[in-house]
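Breakdown of the fold
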Amino acid sequence: MKFTALHYVVAFIVIFSTIVFIVLFGRLPTFKGTIVGKAHILLWHKIPAKLVAVDKAITGGRFVDSTSSCGNYLINEKNWAVTTFYVTILTVALIFFFKDAWRYITNPIHRLLIPLLAFQPYFYLYLSAFTDPGFITQSNVSRMLDIFPYDDIIFYPDMPPCRTCHTPKPARSKHCSVCKHCIARMDHHCAWINNCVGYNNYRFFLGFIVSNLIVLTYGSYLTSSVLYKEYMRQYFPEGYDSAPKYFWADYRKWIILIHSQNWTAAVSSLFMIATLVCPLVIAFLAQHIIFIHQGVTTNESEKWGEVEWVVKNGMLYVYENGNHNAENEAPEAASGSGSESESGYARPRSAAPTSDKPKPENSGRRVYIHAYVDEEMNRAVPHGMVQTEKVPDLDSICNIYDKGGFFKNVGEVFFPKYS
């Protein structure tokens, strides 16, 4: 079979969409151990390591050294390469649509909607890219500390200040090595918008995804309608009654139709691109809808994945203020020292016997700390707090950032308290 430009376009879109899906979603806890997760490790770690080894053997590493600066710029520095690629693809696709398909669309409603919907991705891209995502500075850090309380499991008040920004780290924040800032309610850094997705622009980013999905689905529908009308005109001019019930089964006529004219080839290419990319955008949007429902960000979902692993291995414990302790407990320093529990992990004790204790400074506070196999804790035990129980399962932990339902969480996304 002779390969045409259309075949190459379709092959490129399929391969590109698959790679993008693996890169974006393969690192998530949901896909851990699955073929998507394994493919992510293969593409992101094993293949690059093999290429580095081959380069060292052939050129002594000179090729990697000469291209590392370019790769570092594309991956670790803010640049418009991916955004430019996206805008170019979208603009070229729209040019071909208006050039080859527009004249065959006669419905006035479609003619009104198409320009409005085609403009939306550009509009939301601009808002997402140029809105401050929530940069944390000395002037607003106290406000962010008030908005986002610590949950004492994935975010806790004794976290050290950011080593780069030198500001306290509010809960739900993370330092972005690309943007060189700590971001409030950090979700992730997105190369498509050349910006972080955070507290102030997450709503615009969702608009960017939804607008692209609308353009893709609507474009797929319109291009297929145009092609179907041309199919009927060429092969069944006497009317729809003479056409086969399952028109897509007559693939030979479709192949001839696609290659019969330049405009049909262009429109069919647009149809294939829109149809093949659409599932990728749907998956990305669905993932964010799930995160909103759960009251987490992309960054937090990875942290909760680590917590789930710790719980499954029986290494997560609850610590509460010291007045829950038995009166006969021996005094020990609370700065990390203590006796071993029955499970073999270090169990810090309170600073003084129960009868001599002052009122706990952490009254009402519950802290989750996990123990490593070497009997070390992943964080220092707050003063006056003692271990009370082992966490039996992930469901027994309350996510305080979940406002109590999808729509309440959506309200926080679209109507932030501070922007």
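Higher on the page you've got the structure.
Only a predicted model underlies this, so the values are computations on that prediction, with no experimental measurement involved. (Residues numbered from 1 in each chain as written. Predicted model: local features only at pLDDT ≥ 70, side-chain atom pairs only at ≥ 80, totals over all residues. Heavy atoms only, no water.)

We now examine unusual backbone geometry. Phi at Asp152 is positive, roughly 60°, even though this residue is not glycine. Secondary-structure assignment places Asp152 in the loop between α6 (141–147) and β1 (174–176). You can call Asp152 buried: its relative accessible area is 6%. Although it is not a glycine, Arg172 adopts a positive phi angle of roughly 75°. With respect to the helices, strands and loops of the structure, Arg172 is situated in the loop between α6 and β1. (Helix = DSSP H or I, 4+ residues; strand = E, 2+ residues; numbered from the N terminus. Buried < 20%, exposed > 50% of the residue type's maximum accessible area, 1.4 Å probe, protein only.)

The next point concerns the packing of helix α4 (residues 81–100) against helix α9 (residues 262–294). The geometry of α4 relative to α9 is characterised by a closest axis approach of 10 Å and an angle of 135° between their N-to-C directions. The orientation of α4 relative to α9 falls into the category oblique. Here α4 runs over α9; the crossing is left-handed. Taken together, the residues of α9 that come into contact with α4 (itself represented by Ala93, Phe96, Phe97 and Asp100) are Trp263, Ala266, Val267 and Leu270. Along the lines of polarity and charge, the residues of the contact of α4 with α9 split into seven nonpolar, no polar and one charged. (Axes fitted to C-alpha atoms, helices over the stretch in contact; angles between N-to-C directions. Parallel < 35°, antiparallel > 145°, perpendicular 65-115°, else oblique. Left-handed = near helix turned anticlockwise from the far one by under 90°. Contact = heavy atoms within 4.5 Å. Nonpolar A, V, L, I, M, F, W, Y, C, P; charged D, E, K, R; others polar.)

One turn of an α-helix holds 3.6 residues; hence residues three or four places apart share an orientation. Helix length check: helix α2 (residues 35–59) (25 residues) gives 33 Å between terminal C-alpha atoms against 36 Å at 1.5 Å per residue, within 8%. The largest bend in α2 is about 40°, located at Leu42. All buried positions along α2 are accounted for by Val36, Gly37, Ala39, His40 and Asp55. One or two residues past the end of α2 sits Gly60, with phi positive at roughly 75°. (Expected span 1.5 Å × (residues − 1). Bend = angle between axes of the 7 residues up to and from the residue.)

Each strand in a sheet pairs with its neighbour through backbone hydrogen bonds, running either in the same direction (parallel) or in the opposite one (antiparallel). On the basis of which strands lie adjacent, the open sheet formed by three strands has the order β8-β5-β9 and antiparallel pairing. Each end of this open sheet is capped by a strand with a single partner; those strands are β8 (366–370) and β9 (385–390). Averaged over all neighbouring strand pairs, the angle between strand axes comes to 40°, with direction disregarded. Relative to β8, strand β5 (residues 316–321) is paired through five bridges, and the arrangement is antiparallel. Bridging from a neighbouring strand, Tyr317 pairs with Ile369 of β8. (Pairing = 2+ DSSP bridges.)

The subject of this paragraph is the nonpolar core. Within the largest apolar cluster, 57 residues are counted, with the highest numbers of intra-cluster contacts made by Ile153, Ile193, Phe205, Val307, Leu316 and Ile397. Here Ile153 is in contact with Trp304, Val307, Leu316, Tyr368 and Ile397, once residues within four sequence places are set aside. The next biggest cluster of nonpolar side chains, apart from the first, holds 17 residues, and it includes Ile105, Leu222, Trp263 and Val267. (Core = buried A, V, L, I, M, F, W, Y, C linked by side-chain atoms within 4.5 Å.)

Here the focus is helix α11 (residues 406–414). Taken residue by residue, α11 has Asn409, Val410, Glu412 and Val413 as its buried positions. Seen along its axis, α11 keeps its buried residues to an arc of 155°; they face one direction. Opposite the packed face of α11, turned more than 90 degrees from it, sit the exposed residues Phe407 and Lys408. Buried residues belonging to α11 abut α7 (202–235) and α9. (Arc of directions from axis to C-beta.)

Okay, the packing of aromatic side chains next. Scanning the entire structure with this criterion turns up 16 aromatic pairs. Consider the rings of Phe98 and Trp102, whose centres lie 5.3 Å apart with planes at 50°: the pair is tilted. We classify Phe98 as partly exposed; its relative accessible area is 33%. Look at Phe155 and Tyr401: their rings are 6.2 Å apart centre to centre, the planes differ by 70°, and that puts the pair in the edge-to-face class. Here Phe155, found in the loop between α6 and β1, pairs with Tyr401, found in the loop between β9 and α11; they are 246 residues apart in sequence, far enough to count as distant. Aromatic rings pair up to connect Tyr228, Tyr231, Tyr235 and Phe236 into one cluster. (Phe/Tyr/Trp six-rings, centres within 6.5 Å; stacked < 30°, edge-to-face > 60°.)

Attention now moves to the side chain of Ser269. With respect to the secondary-structure elements, Ser269 resides in helix α9. With a relative accessible area of 15%, Ser269 lands in the buried category. There is a polar contact of 2.8 Å between the side chain of Ser269 and the backbone oxygen of Ala265. (Polar contact = N/O pair within 3.5 Å; in protein donor to acceptor, adjacent residues only side chain to side chain.)

Time to look at the environment of Arg203. Tracing the backbone shows Arg203 in helix α7. Put simply, Arg203 and Tyr124 are 79 residues apart on the chain and 9.5 Å apart in space, counted from C-alpha to C-alpha. In terms of polar contacts, Arg203 uses its side chain to reach the backbone carbonyl oxygen of Asn200, at 3.3 Å.

All right, on to a nonpolar patch on the surface then. Together, Val14, Ile15, Ile19, Leu42, Leu43, Ile47 and Leu51 give the surface a local cluster of nonpolar side chains, amounting to about 570 Å² of exposed area. Elements with a minimum of two residues in the nonpolar patch: α1 (5–25) and α2. The greatest single-element share of the nonpolar patch, amounting to four residues, is contributed by α2. With respect to the helices, strands and loops of the structure, Ile19 is situated in helix α1. (Patch = residues over 30% accessible without salt bridge, like charges linked within 9 Å, V, L, I, M, F, W, Y side chains within 5 Å. Areas by Shrake-Rupley, 256 points an atom, 1.4 Å probe, with all protein chains shown as cover. Salt bridge = Lys/Arg side-chain N within 4 Å of Asp/Glu carboxyl O.)

Glancing now at the pattern of salt bridges. A side chain of one charge can pair with a side chain of the opposite charge when the charged atoms of the two come close. In this structure the tally under the stated criterion is 11 salt bridges. Ionic pairing is found between Glu308 and Lys312, a salt bridge with its closest N-O pair at 3.7 Å. Placement of both Glu308 and Lys312 in helix α10 (residues 298–312) is noted, with a separation of four residues, approximately one turn of the helix. For Glu308, a relative accessible area of 32% translates into the label partly exposed. A salt bridge links Glu320 to Arg366; the nearest nitrogen and oxygen atoms lie 2.3 Å apart. Separated by 46 residues along the polypeptide, Glu320 in strand β5 and Arg366 in strand β8 bring together distant segments of the chain. Within the structure, one salt-bridge network assembled from shared partners comprises Asp152, Asp158, Arg365 and Arg379.

All we've got here are geometric facts, nothing functional implied.
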